[in-house]
Amino acid sequence: MGLLDILLGRTKPVTPDLDQLFGLPSAAVTLEAAAGFRPTGSGAVCFAAVEGAVFEQTHREVQALLDADAEREGRPVELTRDGYGYSWLVSRRAPDRLPELVNDLHAVNSAMEVNGFGPQLLCSLVGFENDAGSRLALVYLYKRGTFYPFAPLAGAEERRDNPLELRVKAALTDDLRIEQDLGRWFPLWGAPGL
């Protein structure tokens, strides 16, 4: 950054740090102790729609990489689109296999980044649930390098549990790099993997 950037208030963009995803397993222990939420075994990577042969090749590479895991059952990665036109690569594992799920998400993000699709990456999420059936996602914002909780209310049309999100934020401050700008805590209505 130059002096002119400082004087004009411009900031250097945050570099994505995919290794932040590896903090999720320890954060899950804290989340269960603080709020009673446990991993569902589902996670997803969201990106802006991509078409073409290079993306198809990248998807096949990710599929082959994750298929190589002998302990995995079923399809490792499912490609879907949500109602807003965004693409999602969804991975499912047994709920007690969160480290492996995080490895899957890291591999998908890394493959997308290495193959030139980094600018299209938006976020990754890991799903959690409590005994009452309430859902929660810990969302990693790719372009910010931070996490935030998203807690949609069950049975409510596009409403979220803001007090729960703030409690989770406070509980996980020491485990994850939490996004401090609440305006960036985007709702992920109908997100696959949640």
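Quick summary incoming for the structure in this document. (Residues numbered from 1 in each chain as written. Predicted model: local features only at pLDDT ≥ 70, side-chain atom pairs only at ≥ 80, totals over all residues. Heavy atoms only, no water.)

## Quick word on the side chain of arginine 93
Here is step 1 of the chain: Of note, arginine 93 is situated in the loop between β3 (87-92) and α4 (98-117).
Here is step 2 of the chain: Assessed through its relative accessible area of 13%, arginine 93 is described here as buried.
Here is step 3 of the chain: Among the polar contacts made by the side chain of arginine 93, one reaches the side chain of aspartate 104 at a distance of 3.0 Å. (Helix = DSSP H or I, 4+ residues; strand = E, 2+ residues; numbered from the N terminus. Buried < 20%, exposed > 50% of the residue type's maximum accessible area, 1.4 Å probe, protein only. Polar contact = N/O pair within 3.5 Å; in protein donor to acceptor, adjacent residues only side chain to side chain.)

## Here we look at the sheet that holds strand β2 (residues 77-81)
Here is step 1 of the chain: Read from one edge to the other, the open sheet built from six strands follows the order β2-β3-β1-β4-β5-β6, with strand pairing classed as antiparallel. Whereas interior strands pair on both sides, the edge strands pair on one side only; in this sheet they are β2 and β6 (146-150). Mean inter-strand twist for the sheet, computed between neighbouring axes without regard to direction, equals 25 degrees.
Here is step 2 of the chain: The sheet contact formed by strand β1 (residues 38-47) and β3 spans six bridges and is antiparallel. Bridged to phenylalanine 47 within β3 is serine 87. (Pairing = 2+ DSSP bridges. Axes fitted to C-alpha atoms, helices over the stretch in contact; angles between N-to-C directions.)

## Let's talk about the pattern of salt bridges
Here is step 1 of the chain: Counted under the stated rule, the structure contains eight salt bridges.
Here is step 2 of the chain: Here aspartate 131 makes a salt bridge to arginine 38, at a shortest N to O gap of 2.3 Å. Residue aspartate 131 is located in the loop between β4 (121-129) and β5 (135-141), and its partner arginine 38 is located in strand β1; the two are separated by 93 residues in the primary sequence.
Here is step 3 of the chain: On the basis of relative accessible area, aspartate 131 is assigned to the exposed category, the value being 71%.
Here is step 4 of the chain: Put simply, glutamate 78 and arginine 92 hold a salt bridge, and the shortest N to O gap is 3.0 Å. In this pair, glutamate 78 sits in strand β2 while arginine 92 sits in strand β3, placing the two residues 14 residues apart along the sequence.
Here is step 5 of the chain: Given the relative accessible area of 42%, arginine 92 is considered partly exposed. (Salt bridge = Lys/Arg side-chain N within 4 Å of Asp/Glu carboxyl O.)

## Re the packing of helix α2 (residues 24-35) against α4
When two helices pack together, their arrangement is given by the angle between their axes and by how far apart the axes lie.
Here is step 1 of the chain: Between α2 and α4, whose axes approach to 9 Å, the crossing angle comes to 135 degrees. With respect to α4, the axis of α2 lies oblique. Here α2 runs over α4; the crossing is right-handed. Within the contact between the two elements, α2 uses Leu24, Pro25 and Ala28 and α4 uses Leu98, Pro99 and Val102. (Parallel < 35°, antiparallel > 145°, perpendicular 65-115°, else oblique. Left-handed = near helix turned anticlockwise from the far one by under 90°. Contact = heavy atoms within 4.5 Å.)

## Regarding the environment of glutamine 20
Here is step 1 of the chain: Structurally, the position occupied by glutamine 20 is in the loop between α1 (3-7) and α2.
Here is step 2 of the chain: Its relative accessible area of 18% is what places glutamine 20 among the buried residues.
Here is step 3 of the chain: Taking the C-alpha atoms as reference points, glutamine 20 and aspartate 175, 155 residues apart in sequence, are found 9.9 Å from one another.
Here is step 4 of the chain: Apart from the residues lying within four places of it in its own chain, the contact partners of glutamine 20 are Tyr140, Gly145, Phe147, Leu176 and Arg177.

## Looking at the nonpolar core
Here is step 1 of the chain: Ranked by size, the top nonpolar core spans 53 residues in total, and within it Trp88 and Leu188 carry the most contacts.
Here is step 2 of the chain: Top contributing element to this core by residue count: α4, with nine residues. (Core = buried A, V, L, I, M, F, W, Y, C linked by side-chain atoms within 4.5 Å.)

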